[in-house]
Amino acid sequence: MRRLNALQYANTVKDVLGVSLALSSVLAEDEKVGSFNSNLLSPVGELHVDRYMSAAELVAADAVGKLKTLLPCDPAATGEAACAQTFLTQTGARLFRRPMEDQELTAYLGLYTSARTAGGSFSDGISLLVRVLLQSPAFLYQVETAPAGAPTLLGGNEVATRLASFLWSSAPDAALQNAAMGGQLTTVDGLLTQARRLLGDPHGASTLASFHSQWLKIDRLPALQKDPALTPTFNAALGQAMLSETEHFADWVIRSGDGSLKSLFTQSNSFVEGALFDVYGLPKPAKVDPLIPVALNPSERSGLLTQASFLTAHSHFGNTSPVLRGVVVLDSILCKAPPPPPPNVMTIPPAPIPGETTRERFDRHRSDPTCASCHSLMDPIGYGFAHYDALGRYITDEGGKPIDASGEIKGTQDIDGRFNGAIELSQRLSGSHQVQDCMVSQWFSFALGRNLDKTRDACSLQGVKAAFAASDYNLRELLFAIVKSDAFRYRAPLEGGAP
Amino acid sequence: MSAHRRSPAVSVARRKLLAGLAGSAILAPFVPLLQAETLPGAPKRLILMFHPHGVIRDTWLPTGTVTNFTLSKTLEPLNSFKDKLLILDGLRLSAETTADSDPALVGEPSGGPHTRNTSHLWSGAALDPNSSLFSRDATKFGWGLGTSIDQTIAERIGTTAFRSLEVGVRPGGGNAPHNRMIYRAPGQPLSPEGSPKALFDRLFTGGMGGSALAEQLRQDRKSILDLVSADLQRLEPRVAREDSAKVQAHLEAIRAIETRLSSSAALCATPTAPTDFDAGANDNMPMVADLQIKLLASAIGCGLTNVASIQFDRNENSGTLFNWLFTDTRAHHELSHISDADALSKLTQIYTWYAKQLAALMTQLAAFPEGSGSALDNTLIVWCSEVANPHNHQTTNSPFVLAGGAGGALKMGRFLSYDNVQHNRLLVSLAHLFGLDAVQSYGKTDVGSGPLTSFI
């Protein structure tokens, strides 16, 4: 029983009630499973419930401020009580992602009626209904009532909920609910028809942005502190521009472009705005069309790993770190996390010596045999990024010394060997089976909101990998293959809770 | 704790919760619940205080004897409260040590040193090594497997509007073990409130204030929570066993809020509401600290809670720049691994700043008169960090400072040195101070028994 994450809560409230508020600071923080926000395991405490109460009150105040657009009926024409009932029935079905039960309808209408009897206005009554709907477990939890233990095909509304939360980070819309009620989601074909519609819809942008920012661990860029001595000056606006660039780029590749995994790592053109033009060394044009990518120098840029977002998020405060960049490539892209540093070692890199390049500085810590075993995996990948400074600007020398961007990949299934620079590294990664398999795992655990189980999910994982390969590694087809899988369509037991 | 929350049905639910969340074999230490009696005069209170990344021992350790000692540089801001301090040297955290009776926990400790000790500090437990909920590099782990001592004590004295209050000063993003130290139960961390505005709203609106609007809001909230409770109760039999524990926890949280909403009027005047500002921003930390300390002291002084904690900063390697103390581009964690004279001096400034925060909290509490003294005399503040020595993550000689008082039950104005004693002994002593006399061991890592010697 997963609890909505903050993004799903905010998107649902926007889609169903037309309320756009910055709720992430009102709701309690999400739990993370792997790289992704998912409230899977730990139960709520008093603070969460308090925050839900405050959020519901804020949303209700905003919603009843525009009562005309909120209501599906005209209370003057139908009568106020009848209109309240229609509102409750329709809105409740959207928020609960299933029709409301009679007991719920009766109880909630009772709340409305007693408010009116006590002298409250019509708008007060509607506000109460919004507040109780948003605090109800049927809204806050994605309830799947099939028994745990044996895999069971999910009901129409349950699988619709999974689909909308996967592809939209929101609740099902009316069309998806109708398909669920009409029994069309029990077949793979019916489910796929809806999946294609959802991914093509503008609402799909939210999920694509959320996946890529969390997967690449760049989601906190706007809040990062950087050395004020860096140019251009790093601030929240530049951090946001970097983040938006990558989110927009990935969306463009997947939904407007050829959709291939290869393109994510090799397309040089991207979406540049504001001070980002300075980072990329380009003159700021008078006008930027947000829908058309800007041409970047293909000898300097090649996909996600050469974008300012990745390079800046995985640098230190004022200088770069081959270790940080190397670790994320190993962990997020190759699914091959290095082991933690042994206990009682200094985990801070050697202090810079004036006149020394970053590479020379980090070579010093690799001379320590305790560190060398793991850093010989991380650092040589990170060295490939030597041409990019702490804000991702392309540099050709470091303090007058030429850049050495040669690196080496070790310990992979299929792409070991020396390489020179991040362009070659990106090309190497773009065709790697290990990267393809890693991408499947990442999207799969994002879609399900849980870690994959090596045993239980083995067949599903195999099927999805085969479908991804058959599509020549098309990411759209990867998402659809996940939707088709048993792991997505059946209820699996909770992690760590074998009955 | 109100009577209905201690009903047998809830005990069953709690056991289910533990079983469901932390794996079948792992149960919390059995703590017998004594009947809460009316304490004579003002109640005793407990506040846990935390800051990350240890201290510099050379500038922290007092000199002198048990009752005649001199504070060093770091603790100097507490000089005027010296007779209300009890400084403990020689205690060690031991998240790596596991009880022989629990083979599941023997082996490689889970999480990095900062991560595992944050959960370990107040609960004496380790992180769940059998969960893959979180990962740090190649190791996987879950939430901590203990109940923090404040929560155990709250079972007995958490009879106020708030059973306990978790306050944060930039307690960090990412709801994960490195940023959470308070555990309601194994696998059930409680998030600290990091926003002064939100903390004020929780404490002083809704349930309090006499305006018609506030009264209406309180009534609305109660009616809504009634319906939500009914929904949860109807839901429970339909969900899987693991999920029914979540339903129970949700119900328990609602009951706590309902109790609060029904509680009588304020015992003291409502302080001015803080404005809404970015409480997460680095440079706002001193302002957030000031507001949170005042709100926390008000909550204690106004009788809203008897059990609280205040978490300064976070442990995902603190990226805080102490710009208001000195100029340096290196954040706290980065500095904490450097041992040249410049870094040591700056680190000492950081830890001294934290001591000032404790002094500020003590000053605020002292402003609430109680009996012949003040709320400070009845509030025991226990301050520590997740490691002792930040340079190498060592956890021997952890920097424990107790401050305030326990209503006369604990002799203050002392400096006690122990010889490498597990800090679980202190957790047991705390339980005893708050009337839980039957507790002899505390936490899954406890290999000893009984309270600290020569302490109470």
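Starting afresh in each chain, residues are numbered from 1 along the sequence in its written order. The order in which chains are written sets their letters, starting at A; the order in which ligands are written sets their numbers, starting at 1. Two thresholds apply to this predicted model, a pLDDT of at least 70 for residue-level local features and 80 or more for giving and counting side-chain atom pairs, whereas whole-chain, interface and lining totals are computed over all residues. With hydrogens and water set aside, each side-chain value is computed from the structure's full complement of heavy atoms.

## Considerations on the overall build of chain B
Rules: Helix and strand assignments come from DSSP, with helices taken as H or I runs of at least 4 residues and strands as E runs of at least 2, each series counted from the N terminus. Residue burial is assigned from relative accessible area. The probe radius is 1.4 Å, only protein chains are included, and a residue is buried under 20% of its type maximum, exposed over 50%, and partly exposed in between. Working rule for contacts: check all heavy atoms of both residues, and any pair within 4.5 Å makes them a contact. Surface accessibility follows the Shrake-Rupley procedure with a 1.4 Å probe radius. Residue values consider only the protein chains on display as shielding.
For chain B, the count of helices and strands is 11 helices and 15 strands. Residues counted as buried form 62% of the 456 residues belonging to chain B. Pairs at least 24 residues apart make up 74% of the contacts formed inside chain B by residues separated by at least 6 positions. With the model as given, the accessible surface of chain B reaches about 15500 Å², and the carbon-plus-sulfur share is 53%.

## Let's talk about the sheet that holds strand 15 (residues 414-422) of chain B
Residue and element names in this part refer to chain B. Here is the rule we go by: Note on pairing: DSSP must find at least two bridges between two strands before they are called paired. Note on method: axes are straight lines fitted to C-alpha atoms, helices fitted across the in-contact stretch only, with angles between N-to-C directions ranging 0 to 180 degrees.
Ordered in space as 7-10-1-13-14-4-15, the 7 strands form an open sheet in which the pairing is mixed. Two strands lie at the open edges of the sheet, namely strand 7 (165-169) and strand 15, each paired on one side alone. Taking each pair of neighbouring strands and ignoring which way they run, the sheet shows an average axis angle of 15°.

## Observations regarding empty space enclosed by the protein
Short version of the rule: We place a 1 Å grid over just the protein atoms. Points where a 1.4 Å probe fits but has no way out form a cavity, open points with protein on both sides within 12 Å along at least 5 of 7 lines form a pocket, and any residue with an atom within 4 Å of a point lines it. Grid points are joined across faces, edges and corners, and a volume is the space filled by probe spheres set on the points. Gly is put with the polar residues, along with every residue not named as nonpolar or charged; the nonpolar set is Ala, Val, Leu, Ile, Met, Phe, Trp, Tyr, Cys and Pro, and the charged set is Asp, Glu, Lys and Arg.
Under the definition given, this model contains 9 cavities of 30 Å³ or more. By volume, the second largest cavity is sized at about 230 Å³. Considering the residues around the second largest cavity, the lining is formed by 20 residues, among which A:G45, A:E46, A:L47, B:R184 and B:L190 are closest to the centre. Within the residue set of the lining of the second largest cavity, elements represented by two or more residues are helix 2 (46-64) of chain A together with strand 7 and helix 7 (241-262) of chain B. Here the lining of the second largest cavity gets 4 residues from one element, more than from any other, and that element is helix 7 of chain B. Its residues assigned to classes, the lining of the second largest cavity comprises 7 nonpolar, 6 polar and 7 charged.

## Overview of the layout of surface pockets
Residues and elements named next belong to chain A. As a volume, the second largest pocket reaches approximately 830 Å³. If you trace the second largest pocket, you find 44 residues lining it, with N319, T320, P352, T358 and R361 closest to the centre. Taken together, the elements giving at least two residues each to the lining of the second largest pocket come down to helix 17 (322-333), helix 18 (358-366) and strand 7 (401-402). Here the element with the most residues in the lining of the second largest pocket is helix 18; it accounts for 4 residues.

## Focus on the packing of aromatic side chains
All names here are of chain A. What counts here: Between 30 and 60 degrees the pair is tilted, below 30 it is stacked and above 60 it is edge-to-face, where a pair is any two Phe, Tyr or Trp rings, Trp via its six-membered ring, whose centres lie within 6.5 Å.
Inspection of every chain in the model, using the stated rule, returns 27 aromatic pairs over all chains. Seen in terms of ring centroids, F36 and F211 are 5.4 Å apart; in terms of plane orientation they differ by 20°. Their pairing is stacked. With F36 in strand 3 (residues 36-37) and F211 in helix 12 (residues 204-215), this pair connects stretches of sequence that are 175 residues apart. Under the relative-accessibility criterion, F36 is labelled buried at 4%. On the numbers, 6.3 Å between centres and 85° between planes, the contact of Y112 with F122 is edge-to-face. Pair noted here: Y112 is in helix 6 (residues 102-117) and F122 is in helix 7 (residues 122-135), with a separation of 10 residues, a long-range link.

## A short note on the confidence of the model for chain A
The line we're drawing: pLDDT expresses, on a scale from 0 to 100, how confident the predictor is about each individual residue.
Model confidence for chain A is summarised by a mean pLDDT of 91, while 95% of its residues fall at 70 or above. A low-confidence stretch, residues 494-499 of chain A (pLDDT under 50), is modelled with 13 contacts involving residues beyond four sequence positions or located in other chains.

## Let's talk about the pattern of salt bridges
Selection criterion: Salt bridges are identified by distance alone: a Lys or Arg side-chain nitrogen within 4 Å of an Asp or Glu carboxyl oxygen.
For the coordinates displayed, the defined rule picks out 42 salt bridges over all chains. Among the ionic pairs, A:D404 bridges to A:R359, the shortest N-O distance being 3.6 Å. Remark: A:R359 occurs in helix 18 and A:D404 occurs in the loop between strand 7 and strand 8 (406-409); sequence separation between them is 45 residues. The partner of B:R163 in a salt bridge is B:E155, and the shortest N-O contact between them spans 3.0 Å. Look at B:E155 and you get buried, because its relative accessible area is 14%.

## What about the packing of helix 5 (residues 196-204) of chain B against helix 8 (residues 285-301) of chain B?
Residues and elements named next belong to chain B. What counts here: Should an angle fall under 35 degrees it is taken as roughly parallel, and over 145 as roughly antiparallel, whereas 65 to 115 is taken as roughly perpendicular and any remaining angle as oblique.
Running from N to C, helix 5 and helix 8 point in directions that differ by 10°, and their axes come no closer than 10 Å. Between helix 5 and helix 8, the interaxial angle falls into the category roughly parallel. Residues P196, L199, F200, L203 and F204 of helix 5 touch helix 8, and the partners they reach there are V288, L291, Q292, L295, S298 and A299.

## Here's the deal with the state of the cysteines
All names here are of chain A. We count it as follows: By convention in this document, the label disulfide applies to cysteine sulfur atom pairs within 2.5 Å.
In this structure the tally under the stated criterion is 2 disulfides over all chains. The disulfide partner of C73 is C83, and the gap between their sulfur atoms is 2.1 Å. The chirality of the disulfide connecting C73 with C83 is right-handed, given an S-S dihedral of about 95°. With a gap of 10 residues between them, C73 in the loop between helix 3 (67-70) and helix 4 (75-78) and C83 in helix 5 (residues 80-96) connect regions that are remote in the sequence.

## Notes on the nonpolar core
Residues and elements named next belong to chain A. To keep it simple, the criterion reads: Each nonpolar core is a collection of buried residues, namely Ala, Val, Leu, Ile, Met, Phe, Trp, Tyr and Cys, held together in the definition by side-chain atoms within 4.5 Å.
Formed by 95 residues in total, the largest nonpolar core has its most connected members in F166, L264, M439, W443 and L478. Ranked by the residues each element gives to this core, the list is headed by helix 13 (residues 236-256), at 9 residues. With 64 residues, the next largest nonpolar core counts V26, M53, A84 and V132 among its residues.

## Details of helix 12 of chain A
Residues and elements named next belong to chain A. Rules: One less than the number of residues in a helix, times 1.5 Å, gives the span that helix is expected to have.
Compared with the 16 Å implied by 1.5 Å per residue over 12 residues, the 17 Å span of helix 12 between its first and last C-alpha is a close match. In terms of residue burial, helix 12 counts as a mostly covered element, since 10 of its 12 residues are buried. Buried residues of helix 12: G204, T207, L208, A209, S210, F211, H212, S213, Q214 and W215, and no others. K217 sits one or two residues past helix 12 and shows a positive phi near 55°.

## Some details on the packing of helix 1 (residues 6-17) of chain A against helix 5 of chain A
Relative orientation and spacing of two packed helices are given, respectively, by the angle between their axes and the distance between those axes. All names here are of chain A. Filter applied, for reference: Whether a crossing is left-handed or right-handed is set by the direction in which the near helix is turned from the far one by less than a right angle, anticlockwise for left-handed and clockwise for right-handed.
Remark: helix 1 packs on helix 5, axes separated minimally by 10 Å, with the N-to-C direction vectors making an angle of 155°. The pairing of helix 1 with helix 5 is recorded here as roughly antiparallel in orientation. In this structure, helix 1 crosses over helix 5, and the sense of that crossing is right-handed. Of helix 5, the residues touching helix 1 (which contributes T12, D15, V16 and L17) are T91, R94 and L95. Residues that form the contact of helix 1 with helix 5 fall into these classes: 3 nonpolar, 2 polar and 2 charged.

## Things to note about the interface of chain B and chain A
The condition is simple: Buried area: the sum, over both parts, of the accessible surface (1.4 Å probe) that disappears when the two are put together. Polar contact is the term for a pair of N or O atoms within 3.5 Å; when the atoms are in protein, one must be able to donate a hydrogen and the other to accept it, and sequence-neighboring residues count only if both atoms are side-chain atoms.
Contacts between the two partners involve 63 residues from chain B, matched on the other side by 58 residues from chain A. Summing the contributions of chain B and of chain A, the shared interface buries around 5500 Å²; its carbon and sulfur component is 57%. When the buried area of chain B at its contact with chain A is split by residue, B:L133, B:I224 and B:K246 rank highest and sum to 12% of it. When the shortest N-O distance is used, the salt bridge between B:E193 and A:R51 registers 2.5 Å. Linking chain B with chain A are 13 residue pairs in polar contact (both at pLDDT 80 or more). For the side of chain B that touches chain A, the secondary-structure elements that each account for two or more residues are helix 1 (8-22), strand 5 (134-136), strand 9 (188-189), helix 5, helix 6 (212-235), helix 7 and helix 9 (332-336) of chain B.

## So, the side chain of A:D227
What counts, and what does not: Lys and Arg are tallied as positive, Asp and Glu as negative. Neither His nor the chain termini are counted.
You can see A:D227 is positioned in the loop between helix 12 and helix 13. Lacking a salt bridge, the buried A:D227 has A:K226 as its closest oppositely charged neighbour, with an N-O distance of 9.9 Å. Not counting chain neighbours up to four residues away, the residues in contact with A:D227 comprise A:F317, A:G318 and B:T329.

## Quick notes on unusual backbone geometry
At the junction of A:T231 and A:P232, the peptide bond is cis and its omega measures out at -10° in the coordinates. With respect to the helices and strands, A:P232 occurs in the loop between helix 12 and helix 13. One non-glycine residue with positive phi stands out, namely A:K217, at about 55°. Inspection of the secondary structure puts A:K217 in the loop between helix 12 and helix 13. Unusually for a residue other than glycine, B:D313 sits at a positive phi of about 60°. Among the structural elements, B:D313 can be located in the loop between strand 10 (307-312) and helix 9.

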